[in-house]
Structure formats: structure tokens, C-alpha cells
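Commentary on secondary and tertiary structure
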Amino acid sequence: HGAVMEVITTCNDQFWFIRKLLKKGSDFLGCQFPIIGGAMTWVSEKNLVSAISNAGGLGVIACGAMEPSLLENEIISTQKLTKNPIGVNLILMHPEIEKLIEICIENKIQFIVFAGGIPKKKYINQFKAEGIKTIAFASTLFIANRLMNFGIDALIIEGSEAGGHIGPVSTNVLAQEILPFISEIPIFVAGGIGRGESFLNYLRQGAAGCQIGTRFVCASESVAHDNFKNIFIKSEARSAQVSIQLDDRLPVIPVRAIKNKASVLFLEKQKEVLKNLEQGNVSLKEAQLTIEKFWSGSLKKAVIDGDIENGSLMAGQSVSMVKKIQPVKEIIEEIIQQASHEYSE
């Protein structure tokens, strides 16, 4: 991280405030820079996760719909590639969530990022008892306070500019709604962050750091197919559109992805699942899990197989800032340098 630290330490008077802004999040994460790697199914695996942690951020494994044994193998493989802290993103609707929690504890994971709902207090306590820090997403100030009462260690506020599953409110508005009112625990901001100037802006507002996903998709360490990376490099912000929910009876969390044939296939899948729900062939939870599996399978087609027509191209609006394939270390240095330069102006 020589280049970055040289930028930050060139003039003590000039950059002391940048170091101060980075300190809270870095101390919490136990890493050099308060940048969390967004957990992206099929993308956030051992290679990218370890690269982010080795470059001074916090890499997070995307568990998604993984079976417990698969998650365990992924954790062990990642730990062989980095000695620095890593995290695991757990989807709360996973049918074997209790087993996944056991595996994370047994393998001494340092951070857990809960997704897909509000974690039970007992889950948070299980990790706390083992010295494992927990992070959860808060979409409103009310939910943020509720999570704090449950004992959560940190929060992520993610705006609708993000890729994959998103909420309805922009990052900018969420930051204004939540950051001024919570100082007890670190808050990381996510959604649409592609440059250091934006990162600095949220740090100034009180954020401890940020979570970045889309910028890391085209990292040289990412296992994503060249076709997948190339479509990111060619895309504009407007290319990443939000999926449509066909019926209120089947609550589907909107997904932001680059529009293609798979966007149409998702509508057909919803129709099929809705029909089964109406006929009583599946429960609501089963219907929602079917949708999740559709996204996971569709994403694999694109990320691993390179089928960019029939596969899902999940991407945040910051995809317009992905211009080339570059190492993770270079991406992080670029963001920190941009933040440092903005502050010095």
C-alpha cells in the first residue's frame, strides 16, 4: 500500500483529517482501509475475497444459496490465501441458516454480514459469545435502532443505486436520514460508490467507511468470465435497471441488473411461480426461495459461463465508472487517492 500511504502522508497537516476519517472504520474492521467488499454471488469467492483483504480492505464471502459443506470449503480455501480478516455474508432465509452459523463459528470467521432481513437476537448473541463481529443492513432509522437494541456491532445502509437486491431509497437520502442520528456504532455506506470523492463525502457526513461491489467485478483477481467483465466495461449507469414485480402476492425484492434477455425471463419465472402459489402447490416462503434460486442460477450462467444474454448481469449504477480490468490493490489505491486529492483541493 506504499503508493496510497505516500499520498496520505505527503503532508501531515494536509492529510491528517483523511487519516482521522478513515480511522474509525479501519479500527473496527482491523484493516488498513474501511472498505468492505460487497458480497456478490459467484463473484465474491476465495480469489476476490482474499485479494480485497490482502489489499487492505475486508473481503466478504457471498454464501448465497451454498450448502453448508460448500461454505466450509470456501472459508478454508480463502483463509489459505490471506492471513487478514475476512467476513461471510449470510442470507437469513437460507433453510440451513443454523448450520451455516455453526460453520462460521467453527472456522473462526471474524465478521458476519447478515442479509435478506433482520437477524434474530439469538444469532447475534451466538456470534458475540465467540468474539465475532456482526453487521446488518438498515433501510430506515427505525430498523437501525432496532438492530442496535439487538446488539449488532455495525450497520450498512445501502441505497437503490446498488447492484443485485436493492431497497427503494437512494444512498444519498438514506445517509441523510440515518448518519446524523447514530454515532454509537460504525455505519458503512453502500450503493453507487465508485470514486473516492463520493467515499470522502460520506465519511464527512459521519460514515465509518463504505461497501463496494460493482467496482471489484472487473478486478483481475475476479473469476468472472471475460464476457461478463466486458459488458460491465461497456455499460453506462442507465444500463443497470431495476426488475419489475408482477404481483403484490409474491413480494420479490427488486434486483438491479444490466438489461438483457434474462430480464424478460425473470418476468416469465414470476408468472410460473405465482401460478403455483395460487394453486397452493408451494408456500410463500418456497415461492420466494424459488425466485432466489432463479437469480443464483441465472447469475452463474453469466458470471461463470459467460452467457450474457440468458444470464443475469447484476450491476450497480456505478458500473459506468468501471473502465478497465485492474488489480484490486490498484482499485483501492485509486479510491483512496481520489479521496485524498479531493480533500486537499
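For the structure itself, consult the block above.
These notes cover the structure that comes with them. The residue numbers shown here count from 1 along each chain, following its written sequence. Confidence filtering applies because this is a predicted model: local features only for residues at pLDDT of at least 70, side-chain atom pairs given and counted only at 80 or more, and all residues used for totals across whole chains, interfaces and linings. To obtain the side-chain values, all non-hydrogen atoms of the structure were included, while hydrogens and water were left out.

**A short note on the pattern of salt bridges**
As a reminder of what qualifies: A pairing counts as a salt bridge when a side-chain nitrogen of Lys or Arg comes within 4 Å of a carboxyl oxygen of Asp or Glu. Numbering of helices and strands starts at the N terminus; helices are DSSP runs of H or I of at least 4 residues and strands are runs of E of at least 2. To sort residues, take the accessible area from a 1.4 Å probe on protein chains only and compare it with the maximum for the residue type: under 20% means buried, over 50% means exposed, and anything in between is partly exposed.
For the coordinates displayed, the defined rule picks out 9 salt bridges. Put simply, Glu 98 and Lys 122 hold a salt bridge, and the shortest N to O gap is 3.3 Å. Here Lys 122 lies in helix H6 (residues 121-129) and Glu 98 lies in helix H5 (residues 97-106), a separation of 24 residues in the sequence. Residue classification places Glu 98 among the partly exposed positions, given a relative accessible area of 33%. Assessed through its relative accessible area of 44%, Lys 122 is described here as partly exposed. Salt-bridge contacts for Glu 334 lead to Arg 215; the nearest nitrogen and oxygen are separated by 2.9 Å. In this pair, Glu 334 is assigned in helix H14 (residues 328-344) and Arg 215 in helix H10 (residues 214-217), connecting sequence segments 119 residues apart. Taking the relative accessible area as the measure of exposure, Glu 334 reaches 24% and is therefore partly exposed.

**Side note on the pairing of strand S8 (residues 187-190)**
Operational definition: At least two bridges found by DSSP between two strands are what make those strands a pair.
Of the two faces of S8, the one holding Ile 187 and Val 189 and the one holding Phe 188 and Ala 190 are both buried throughout. In terms of strand pairing, strand S6 (residues 154-158) meets S8 through 4 bridges, oriented parallel. The residue bridging Ile 156 from the neighbouring strand is Phe 188, located in S8. Bridging between S8 and strand S9 (residues 209-212) involves 3 bridges; their strand directions are parallel. Each bridged residue has a counterpart across the sheet, and for Val 189 the counterpart in S9 is Cys 210.

**Some details on the environment of Ile 109**
Summarising the element assignment, Ile 109 is placed in the loop between H5 and strand S4 (111-115). Overall, Ile 109 belongs to the buried group, its relative accessible area being 2%. Measuring from C-alpha to C-alpha, the distance between Ile 109 and Gly 131 comes to 9.5 Å, with 22 residues separating the pair along the chain.

**Focus: the sheet that holds strand S10 (residues 240-242)**
Reading across from one edge, S7-S11-S10 is the order of the 3 strands in this open sheet, with antiparallel pairing throughout. Both edges of this open sheet fall to strand S7 (164-165) and S10, since each of them pairs with a single strand only. Where S10 and strand S11 (residues 255-258) come together, 3 bridges link them in antiparallel fashion. Across the sheet, Val 242 pairs through a bridge with Arg 256, a residue of S11.

**Some words on helix H9 (residues 196-205)**
The following threshold applies: In this description, one arc is meant: the one made by directions from the helix axis to the C-beta atoms.
Every buried residue of H9 is accounted for by Gly 196, Phe 199, Leu 200, Tyr 202 and Leu 203. The arc enclosing the buried residues of H9, seen along the axis, measures out at 165°, which places them on a common side. Note on H9: the residue one or two positions beyond its end, Gly 206, has a positive phi of about 120°.

**Points about the side chain of Ser 235**
For clarity, the threshold we go by: For this analysis, a polar contact is any N or O atom pair within 3.5 Å, provided that within protein one partner can donate a hydrogen and the other can accept it, and provided that sequence-adjacent residues contribute only side-chain to side-chain pairs. Any two residues whose heavy atoms approach within 4.5 Å at even a single point are treated as in contact.
Turning to its location among the elements, Ser 235 is positioned in the loop between helix H11 (226-234) and S10. With relative accessibility at 7%, the residue Ser 235 sits in the buried group. Engagement of the side chain of Ser 235 in a polar contact is seen with the backbone oxygen of Ile 231, the distance being 2.6 Å. In this view, Ser 235 contacts Ile 258, Val 319 and Ser 320; residues no more than four positions away in its chain are not counted.

**Notes on the nonpolar core**
Quick reminder of the rule: Among buried residues, the Ala, Val, Leu, Ile, Met, Phe, Trp, Tyr and Cys ones that are joined through side-chain atoms within 4.5 Å form a nonpolar core.
Counting 93 residues, the largest nonpolar core has Ile 35, Leu 71, Val 88 and Leu 90 as the members making the most contacts within it. At 7 residues, the largest contribution of residues to this core is made by helix H13 (residues 284-303). The residues contacting Val 88, other than those within four sequence positions of it, are Val 60, Ile 61, Cys 63, Leu 71, Ile 75, Cys 104, Ile 109, Phe 111, Ile 112 and Val 113. Core analysis: the second largest hydrophobic core is formed by 14 residues, Leu 58, Ile 156, Phe 188 and Ala 208 among them.

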